[in-house]
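Summary of structural features
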Amino acid sequence: MAHRLTFNIAGTDRTAYVQLPSVLLNTAVTQEGDSGKFRFVDPANAVTPTVGQEVTIVTDAAETIWGGYINSVLQTAMNTGVFAYDVELIGYVVELDRKLVVEQWADATLATIVGDVISNYTSGFTTNGVETGPTLKSFRANYIKPSLVFEKLYRRTGYEWYIGPDKDLKFYLPGSRAAPANLEDGGSWLDLVIRRGPLSQIVTEAVVRGAVKLGEREELLRTKGDGERRLFAFNQLARNLEVWVNGAEHTVGFRDVDTGVQWYHDYEGGYVVQDDGETVLTSTDTIVIYGKRETGVRFPYTDYRLRDDEGWGVRQKLVSDPTIESDAEAVLAGKLAVQGLPIGGEFKSLTTGWRAGQTFDINLTNRGLTGKTGVVTATNARYAGQLDQWLTTVMFEVID
């Protein structure tokens, strides 16, 4: 028999008005969040679901399996004159993002940063499921939503997150949360589909570009003119340029942007060029260029097993994240970016308790997958009337 579900809307049991065959409940990790939908019909037209009402779905074992809000409502009139409401649901992540975060941390653990955000910028959430995580040398949030702060933490640390139906935030290392069942020969799964590819997603080398910082003011070039040239190259990325000729400071602008100055700075080219209206410098003229050089994290990461041992060759990807401020963080970003041949798929299960982020063992001899680990990337649950049970479709990727 099915696990009987109670649909509470704005704190009131409205199960009688929810058409079970229309129910779809989704789970996902990180910013995507949970979602769902159902059709709501009150034959008396007395109850109307409205945007913003809180929805909780509870099993007959008193377990809350879904929580969030009504995100949108589509009202249609049936031939009987009764209104039907197609209700779209969104998880608690929408409530998480009411305020913008403006904070800076130094030598703080992931748990500390997450705790500060939840305490200072949200209301009604708990952090019981947040693991301590690594210590970050520095981390900044500049007027961004809490969910984006958590996305940045995910990219920096590899720790995934989601908000549970009890409004408790989970931040965890992938692989630390077990699924309710494994995918094995003779298991109770249905309609298993295995996908291999696409080839275009294979990445064997990641070039990580992180934070850019300006150094101290320094001399970039000192030389003399020759009576002909107007272009003087210092061959470096630099900002806050100053051009001095014979001890006098000249005006500087950006090439192809500014006008009416004596020198134009080409940032990408690493040089300055003199305005055509200025007198060309001769061998008796000394030009000195000062500026602040750009320094930052630049880190190439190569997975030699994928590139050489598995024979995929060089397949590069650029990872650009200005919040990465150390080589250690760049290495992690590189590890997250590289990927072998994607293997994944989906199956259906009558077992309850599946949700995104869980891991499970894979041993499917006839599919050529043994000794592997799968991670649930998303789920959706529907009521299977012919079985009188809830049937969950589980999407997954092979990670090991």
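Structure report, in brief. None of these values were measured; they are calculated from a predicted model.

1. Brief notes about the sheet that holds strand β16 (residues 231–233)
If you walk across this open sheet you meet the four strands as β16-β21-β20-β19, and the pairing is mixed. The strands lining the two open edges of the sheet, one partner per strand, are β16 and β19 (252–254). Each strand axis lies, on average, 30 degrees off the axis of its neighbour in the sheet, ignoring direction.

2. Description of the packing of aromatic side chains
Across all of its chains, the model carries 17 aromatic pairs by this definition. Centre to centre, the rings of Tyr17 and Phe40 are 5.5 Å apart; their planes meet at 65 degrees, and the pair counts as edge-to-face. Taken together, the positions of Tyr17 in the loop between β2 (12–13) and β3 (18–28) and Phe40 in strand β4 (residues 35–41) put the pair 23 residues apart, joining distant regions of the chain. The partly exposed category is assigned to Tyr17, whose relative accessible area is 23%. Measuring from ring centre to ring centre gives 5.8 Å for Phe347 and Phe396, while their planes differ by 50 degrees; the resulting arrangement is tilted. A residue pair is termed long-range when its members are at least 10 positions apart, and Phe347 in strand β24 (residues 343–349) and Phe396 in strand β27 (residues 389–398) qualify at 49 residues. Members of the aromatic cluster, connected to one another through ring pairs, are Tyr17, Phe40, Phe83 and Tyr85. Across the ring face of Tyr172, the terminal group of Arg177 is positioned such that the distance to the ring centre comes to 4.8 Å. The aromatic ring of Tyr267 is capped on one face by Arg239, whose charged end is 4.4 Å from the ring centroid.

3. Details of helix α2 (residues 110–121)
Under the 1.5 Å per step criterion, the end-to-end length of α2 is 16 Å for 12 residues, consistent within 8% with the ideal 16 Å. Among the residues of α2, Leu110, Ile113, Val114, Gly115, Val117, Ile118 and Tyr121 are the ones counted as buried. Where the residues of α2 are buried, they touch α1 (93–96), β8 (101–109), β9 (126–130), β10 (135–144), α3 (146–157) and β12 (168–172).

4. Overview of the pattern of salt bridges
The final tally for this structure, using the stated rule, is 15 salt bridges. Ionic pairing is found between Glu95 and Arg98, a salt bridge with its closest N-O pair at 2.8 Å. A network of salt bridges, in which partner residues are shared, links Glu205, Arg307 and Asp308.

5. Observations concerning the packing of α3 against helix α5 (residues 327–337)
The contact between α3 and α5 brings their axes to 7 Å, and the two run at 90 degrees. Between α3 and α5, the angle falls in the class roughly perpendicular. For the pair formed by α3 and α5, the contact residues are Tyr154, Arg155, Arg156 and Thr157 on the first element and Glu329, Leu332 and Leu336 on the second. A class-by-class count of the residues in the contact of α3 with α5 yields three nonpolar, one polar and three charged.

6. A few points about the environment of Thr126
For Thr126, the position within the fold is in strand β9. Using a relative accessible area of 34% as the deciding quantity, one classes Thr126 as partly exposed. Apart from residues lying up to four places away in sequence, Thr126 is in contact with Lys167, Asp168 and Leu169. Side chain to side chain, Thr126 and Asp168 meet in a polar contact 2.5 Å long.

Rules used throughout
- Residues numbered from 1 in each chain as written.
- Predicted model: local features only at pLDDT ≥ 70, side-chain atom pairs only at ≥ 80, totals over all residues.
- Heavy atoms only, no water.
- Pairing = 2+ DSSP bridges.
- Helix = DSSP H or I, 4+ residues; strand = E, 2+ residues; numbered from the N terminus.
- Axes fitted to C-alpha atoms, helices over the stretch in contact; angles between N-to-C directions.
- Phe/Tyr/Trp six-rings, centres within 6.5 Å; stacked < 30°, edge-to-face > 60°.
- Buried < 20%, exposed > 50% of the residue type's maximum accessible area, 1.4 Å probe, protein only.
- Lys NZ or Arg CZ within 6 Å of the ring centre and 35° of its normal.
- Expected span 1.5 Å × (residues − 1).
- Contact = heavy atoms within 4.5 Å.
- Salt bridge = Lys/Arg side-chain N within 4 Å of Asp/Glu carboxyl O.
- Parallel < 35°, antiparallel > 145°, perpendicular 65-115°, else oblique.
- Nonpolar A, V, L, I, M, F, W, Y, C, P; charged D, E, K, R; others polar.
- Polar contact = N/O pair within 3.5 Å; in protein donor to acceptor, adjacent residues only side chain to side chain.

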